[in-house]
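Structure at a glance
Below, each chain spelled out in residue letters.
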Amino acid sequence: MIVNIVLLLSTISIISSFKLNNHNIIRNYRLNSKLHSTKQIIAPIFEESCELTGITLTRYMVEVVAANPQLRELESLVIAIQTACKTIANVVERASITGVTGLEAGGGSINIQGEEQKRLDVITNDVMKRALRFSGKVGVLASEEEDNPVSVNNFPTDKYKDVGLKTTSFNSEVIVEETGGKFIAVFDPLDGSSNVDAGIPTGTIFGIFEEDPLAVCEISDDDIQDEKFTQCLVNTLRPGNSLVCSGYCLYSSSVFLCITLGDGVNIFTLDRQIGEFILTHPRVQIPKRGKIYSFNEANRYEWDQPLIEYVTAIQTGKGESGKQYSSRYIGSMVGDVHRTLLYGGIFGYPGTNKNLNGKLRLLYEAAPMSFLMEQAGGLSITGKTRIMDLVPTNVHQRVPCLMGSKEDVLEAKKYYDNCNDPEQIAKFNSRKVW
């Protein structure tokens, strides 16, 4: 699995008052407050659509920008991400035919996380990096596959000089600073890649953070390979409640792109005949309670005691609902979260005795998925703490995770709240976050 952190040097401020131009198109808009902010955006409601194409993601973003002109640069990023997802979907689907399955370099290629790389890890990582880079918004990117962040040249300084356009270059200096505002894009281009050779569903996770305007950081080329740059990058990172956009793309029986801009969750399905993502699941709301739990039960006896007791209760029909839950676990976070969003229940990747903080990365897995889950009416916690409130202390920081239907997650939390075993409490307190 490969993960990148990309700083997008753009000025996007969210405002709540503006004038709308109809352009002879019927539009109605609803005002929604973001869960993580006092800022507001206007989300479109579509009363008319083409019978043959439906509402495409491209049109959806056009309408969003019509209502929120200041989000135009965010639109270009979403379009870049959807292009990357279409490309990755095609690469994954044809992997066995084109011979890009298996391990990178025949095995032995290890990323910065100490994980063995799949060939598709490397390919999909490159697709995502290029898509964001070609959007013209990328200033710096850091990859799980590289020891340190590296600079990215967006455009040559003289690319359009003949037509009188001023262009931007990051050749001489990497500046993690911009007047007015900044955004950080984080992504995991192929979640579940360990299963990809078997044709099991995989996915892409992405998030766009609102940068702290007080976090100022200037780094010269000479500093890119040292700790100063890495610490500078960490200082610009924000908690999940600063996310302005997040989503995932699931590569399965169909290709689904699920996205939130902070005003609810919408799922688009790729129509390969026209090459567009079509809105098929508008305003997704997770059921308040489900009847499916999704955990890797091979680790059951390594879990926290409160979690063992909770899962035992719902397995035997002794939980709050009085119903016996079913177990469904794919082993790909995107696939398991997608099912949980639609059917309800609870998904978890908890801490264990071996991996005390779990294995999910806070910044580019847990936080973006938590934002989606909350926007759909669910909850996401470590066991006791809301994941969206956690401030990253490390780019690759791991965190235990329980997310899903509100009533199911709250029920699980009660077992942790009522735990008074000194040994278990000491274990909880030894975690980096709790």
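Throughout what follows, the structure given in this document is the object of discussion. (Residues numbered from 1 in each chain as written. Predicted model: local features only at pLDDT ≥ 70, side-chain atom pairs only at ≥ 80, totals over all residues. Heavy atoms only, no water.)

**Comments concerning the overall build of the protein**
Quick note on the threshold: Helical segments are the DSSP runs of H or I of at least four residues, strand segments are the runs of E of at least two, and each set is numbered from the N terminus. When accessible area is computed with a 1.4 Å probe and restricted to protein chains, residues below 20% of their type maximum are described as buried, those above 50% as exposed, and intermediate ones as partly exposed. It only takes one pair of heavy atoms within 4.5 Å for two residues to be counted as in contact. Working definition of accessibility: Shrake-Rupley area with a 1.4 Å probe, residue cover restricted to the visible protein chains.
The helix and strand tally for the protein stands at ten helices and 18 strands. Out of the 434 residues in the protein, the part that is buried amounts to 54%. In the protein, 69% of the contacts between residues at least 6 apart in sequence involve partners at least 24 apart. As presented, the protein carries roughly 18800 Å² of accessible surface, and 48% of it is formed by carbon and sulfur atoms.

**Details of the packing of helix 1 (residues 57-67) against helix 2 (residues 72-93)**
Put simply, the rule is: Axes here refer to lines fitted to C-alpha atoms; in helices the fit is confined to the stretch in contact. Angles between the N-to-C directions go from 0 to 180 degrees. Orientation is classified from the angle alone, with under 35 degrees giving roughly parallel, over 145 giving roughly antiparallel, 65 to 115 giving roughly perpendicular, and any other angle giving oblique. Under this grouping Gly is polar, as are all residues other than the nonpolar Ala, Val, Leu, Ile, Met, Phe, Trp, Tyr, Cys and Pro and the charged Asp, Glu, Lys and Arg.
Running from N to C, helix 1 and helix 2 cross one another at 170 degrees; their axes reach a closest spacing of 9 Å. Classed by the angle they form, the pair helix 1 and helix 2 counts as roughly antiparallel. Between helix 1, through Leu-57, Thr-58, Met-61, Val-62 and Val-65, and helix 2, the contact on the second element is made entirely by Arg-72, Glu-75, Val-78, Ile-79 and Gln-82. Across the contact of helix 1 with helix 2, the residue classes tally to six nonpolar, two polar and two charged.

**Re the nonpolar core**
To keep things clear, this is the line we draw: In these notes, a set of buried Ala, Val, Leu, Ile, Met, Phe, Trp, Tyr and Cys residues joined through side-chain atoms within 4.5 Å is what counts as a nonpolar core.
Counting 43 residues, the largest nonpolar core has Tyr-60, Cys-245, Leu-261 and Phe-277 as the members making the most contacts within it. The dominant element in this core, judged by the number of residues it contributes, is helix 2, at ten residues. In this structure, Cys-245 is in contact with Leu-74, Val-78, Phe-206, Gly-207, Ile-208, Ile-259, Thr-260, Leu-261 and Phe-371, ignoring residues within four places of it in sequence. Counting residues in each nonpolar core, the second largest holds 38 residues, with Val-186, Leu-250, Val-334 and Cys-401 among its members.

**Here we look at the packing of aromatic side chains**
Here is the rule: Stacked, edge-to-face and tilted labels apply to pairs of Phe, Tyr and Trp rings (six-membered ring for Trp) whose centres lie within 6.5 Å, assigned for plane angles under 30 degrees, over 60, and everything in between, in that order.
The full count for this structure, using the stated rule, is five aromatic pairs. Ring centres 5.5 Å apart and planes at 55 degrees place the aromatic pair Phe-295 and Trp-303 in the tilted group. Assigned by exposure class, Phe-295 and Trp-303 land together as buried. When the ring of Tyr-416 is compared with that of Phe-428, the centres are 5.5 Å apart and the planes differ by 55 degrees; the resulting orientation is tilted. With Tyr-416 in helix 9 (residues 406-417) and Phe-428 in helix 10 (residues 422-429), the pair connects residues that are twelve residues apart, well separated along the chain.

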